[in-house]
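Residues per chain are reported as follows:
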Amino acid sequence: MKKSFYHFAQIHRGKMHADEFSRFGDAVFLDHSFPKTSSDFDDLSRYIEEKAHPHMTAAVFDQLWEEYVRT
């Protein structure tokens, strides 16, 4: 069974030298309303666009999503 996108994003958290992916993972982790069980692109994309968090950007989400679907 494939992990949710939330669990996938957690592999990028906590880097010693933060980059856009680790900041995204940290923001997802700290957002208690993030849809943690979802693996649906449209639901997640809509949430991220509506949230408008400075580290949880649509551009980074799209890059991580491409990596997520390849796993």
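The preceding data block contains the structure.
Please read all numbers here as calculations on a predicted model, not as lab measurements.

1. Describing the nonpolar core
Nonpolar side chains in soluble globular proteins generally cluster together in the buried interior.
Thinking step 1. In terms of nonpolar packing, the biggest core is built from 17 residues, with Phe5, Phe24, Phe34, Ile48, Met56 and Phe61 touching the most fellow members.
Thinking step 2. Of all elements in the fold, only α1 (5-9), α2 (20-30), α3 (41-51) and α4 (58-70) reach the threshold of two or more residues within this core.
Thinking step 3. Apart from residues no more than four positions distant in its own chain, phenylalanine 61 is found in contact with Phe5, Phe24, Phe41, Leu44, Ser45 and Ile48.

2. With respect to the pattern of salt bridges
Thinking step 1. Following the criterion strictly, the structure yields four salt bridges and no others.
Thinking step 2. For arginine 13, the salt bridge is made with aspartate 26, and the minimal N-O distance between the two is 3.4 Å. On the criterion of sequence distance, the pair formed by arginine 13 in the loop between α1 and α2 and aspartate 26 in helix α2 is long-range, its members being 13 residues apart.
Thinking step 3. Between aspartate 31 and lysine 51 there is a salt bridge whose closest N-O contact spans 3.7 Å. Placement of aspartate 31 in the loop between α2 and α3 and of lysine 51 in helix α3 is noted, with a sequence separation of 20 residues between them.
Thinking step 4. Classification of aspartate 31 as buried rests on a relative accessible area of 7%.
Thinking step 5. For lysine 51, a relative accessible area of 37% gives the class partly exposed.

Rules and cut-offs
Residues numbered from 1 in each chain as written. Predicted model: local features only at pLDDT ≥ 70, side-chain atom pairs only at ≥ 80, totals over all residues. Heavy atoms only, no water. Core = buried A, V, L, I, M, F, W, Y, C linked by side-chain atoms within 4.5 Å. Buried < 20%, exposed > 50% of the residue type's maximum accessible area, 1.4 Å probe, protein only. Helix = DSSP H or I, 4+ residues; strand = E, 2+ residues; numbered from the N terminus. Contact = heavy atoms within 4.5 Å. Salt bridge = Lys/Arg side-chain N within 4 Å of Asp/Glu carboxyl O.

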